[in-house]
Amino acid sequence: MSAVLKPSFILRRPFPRCAVSEMKRFYAPRSSNTIDDDISSISMTRVPARLKKRLSKQGLSPENMEIPPAPKHADASSVTGPGFASTDHDLTQVKGLVKDMVGVVPDSTSTPTEWFPSDTQTYKEWNKQRDQSRKAFRPRVDPSKTSLILFPGQGSQFVGMGKDTLGYGKAKELFEEASAVLKYDLLKLCLSGPISTLSKTVHCQLAVLVCSLAAVEKLHEQNPEAIESCVGTAGFSVGEYAALVFAGVMDFADAVEVVRVRAEAMQQASEAVSSGMMTTFLNHTSKLKTAMLAAREFCQQRRHIDTPVCTVANYLYPECKVIAGHSEALDFVEKHARTFGIRRTKRLPVSGAFHTALMSSAQTPLGDALRKVSLHAPEVPIYSNVTASRFGRNPEKIAELLQKQVTSAVKWEQVMHVMYSRPQGQDFPASFEAGPGNQLGLMLKSVNLKAFRKYTHVDI
């Protein structure tokens, strides 16, 4: 008596609520003799305990089952297991079925959207273009013996930051040099606040920059191998300047001056129009793009704003994006969040819509400041917020990307994919967050849990 077994993917589907229907799916239908003969061949020892229990509640047993007739297209006389082909003939038969399902014969002119191309060179070449890890730097060394250093951005500040770094290396000298450039005591502001002053853009960006580099001094003294074995670095927003100093692209004093100009220009742009930023927590059914489009239409038609702005400013992790734009647009999204499937919203305590077109007036002074300093080729690969790929070695291109950064979304989620994508089974490098807060670690946990297990925060 031959048996026709169902494809294995059917067996992997969730079981239905009805136990009888569940048994029909679980067992292969028979194609010959009588139903009684087929039923008698089923042994209760093969029935899972949970099915026995559910059958007994319904007053049923395998003998009560009505097994559907076998499919006409399959002949599995040589099949020896549930859903698995064991001979070349079976494999040929499976390929024939797939070809019939698709309706297109694979050839050199076919595109990956017309057929199942997973075993062809065309697909492999096509898939390479979609792999973000191709943008990453992969030295030919054991990944477990390397490190990556991450630098946080604005919003991670707190009163008292920097205190735990003062006894290490040249950390205190960094604060003194920055204070000389800024003409005020930056260390005192970091240690004593008040938080209202520290959180202002003109102070916060500089405080985060200096504290992050002071954390590197502490890390270098406590764990010098972490610095020596570093194979990549990245910074979130203003943290990118700390990464540039760490990689030798610009001098510390020059970075302080450039960030000072950047912060002042962004503060002025924020005061020119009522704007802000808001974190949105999403799920797979959320319609964030539609919500932002509706918000822009609302601002244009009801609030008479000529060029309304409402766009993604920060890509944090798959279920979380930060949007920014006119205050009226954010109010609209916040009020109608449930309509667009947005789980939750949270306004950020910042003064403007950073990383949007509303910051375009800050580009000119920042560009002027960058042209006044010397930029060098990076000694360590740095991953750009704008492109989510490595900075090149051309100083002019680096300056151009830094200028674009103030009006472009921070692609942090994409940067994490590029830095941490690894073949299955390969180890991950150690990760260190140098700076105030541990937000980057929490985002890494949401993007790549295995990489997060080797994450360490440098307390400051």
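Bear in mind that the values here come from a model prediction, so they are computed numbers and not experimental data.

Calculation criteria
- Residues numbered from 1 in each chain as written.
- Predicted model: local features only at pLDDT ≥ 70, side-chain atom pairs only at ≥ 80, totals over all residues.
- Heavy atoms only, no water.
- Helix = DSSP H or I, 4+ residues; strand = E, 2+ residues; numbered from the N terminus.
- Buried < 20%, exposed > 50% of the residue type's maximum accessible area, 1.4 Å probe, protein only.
- Salt bridge = Lys/Arg side-chain N within 4 Å of Asp/Glu carboxyl O.
- Polar contact = N/O pair within 3.5 Å; in protein donor to acceptor, adjacent residues only side chain to side chain.
- Expected span 1.5 Å × (residues − 1).
- Arc of directions from axis to C-beta.
- Contact = heavy atoms within 4.5 Å.
- Pairing = 2+ DSSP bridges.
- Core = buried A, V, L, I, M, F, W, Y, C linked by side-chain atoms within 4.5 Å.

Here we take up unusual backbone geometry. With an omega of 5°, the peptide bond running from Gly-193 to Pro-194 counts as cis. With respect to the element layout, Pro-194 can be found in the loop between helix 8 (186-192) and helix 9 (195-198). In this structure, Lys-183 is a non-glycine residue whose phi angle is positive, near 70°. Mapped onto the elements, Lys-183 comes out in the loop between helix 7 (171-182) and helix 8. Its relative accessible area of 72% is what places Lys-183 among the exposed residues. Phi angles above zero are rare outside glycine, and His-304 is one such case at about 55°.

Below, the discussion takes up the environment of Ile-323. Mapped onto the elements, Ile-323 comes out in strand 5 (residues 320-326). Relative accessible area serves as the criterion here: at 0%, Ile-323 is assigned to the buried category. It is 8.5 Å that separates the C-alpha atoms of Ile-323 and Met-292, two residues lying 31 residues apart in sequence.

The tally for this structure, following the rule as stated, stands at eight salt bridges. Between Asp-331 and Arg-347 there is a salt bridge whose closest N-O contact spans 2.4 Å. Taken together, the residues Asp-331 in helix 15 (residues 327-335) and Arg-347 in strand 6 (residues 344-347) connect sequence positions 16 residues apart. Judged by relative accessible area, which is 41%, Asp-331 ranks as partly exposed. Residue class for Arg-347 comes out partly exposed when judged on its relative accessible area of 32%. Of the charged contacts, one joins Lys-454 and Asp-427 as a salt bridge, the two residues approaching to 3.9 Å between their closest N and O atoms. Taken together, the residues Lys-454 in the loop between helix 20 (449-452) and strand 8 (455-458) and Asp-427 in the loop between helix 18 (412-420) and strand 7 (430-434) connect sequence positions 27 residues apart. Taken together, the salt bridges that share partners define one network made up of Glu-257, Arg-260 and Glu-264.

The next point concerns the side chain of Lys-321. On the secondary structure map, Lys-321 appears in strand 5. In this structure the side chain of Lys-321 is engaged in a polar contact, spanning 3.2 Å, whose partner is the backbone oxygen of Tyr-317.

A few words on helix 14 (residues 288-301). Helix length check: helix 14, at 14 residues, gives a terminal C-alpha distance of 20 Å against a target of 20 Å (1.5 Å per residue), a fit within 8%. Considered for burial, the residues of helix 14 that qualify are Leu-288, Ala-291, Met-292, Ala-295 and Cys-299. Looking straight down helix 14, one finds its buried side chains confined to an arc of 95°; they lie on one side. Of the exposed residues in helix 14, the ones pointing more than 90 degrees away from its buried face are Lys-289 and Gln-301. Of the surrounding secondary structure, the elements contacted by the buried residues of helix 14 are strand 3 (275-281), strand 4 (310-317), strand 5 and helix 15.

Each regular strand shows side chains that alternate between the opposite faces of the sheet. Buried residues dominate strand 3, accounting for seven of its seven residues. Burial of strand 3 is two-sided: the residues Ser-275, Met-277, Thr-279 and Phe-281 facing one way and the residues Gly-276, Met-278 and Thr-280 facing the other way are all buried. Where strand 3 and strand 6 come together, four bridges link them in antiparallel fashion. Pairing of Met-278 across the sheet is with Arg-347, part of strand 6.

Counting residues in each nonpolar core, the largest one holds 101 residues, and the members touching the most others are Tyr-241, Met-250, Trp-412, Met-416, Met-419 and Tyr-420. The element best represented in this core is helix 10 (residues 201-222), accounting for 12 residues. Among all residues touching Trp-412, those that are not within four sequence positions of it are Leu-150, Ala-234, Gly-235, Phe-236, Tyr-315, Leu-316, Asn-385, Leu-440 and Met-443. Membership of the second largest hydrophobic core comes to 18 residues, among which are Met-292, Ala-295, Leu-330 and Phe-332.

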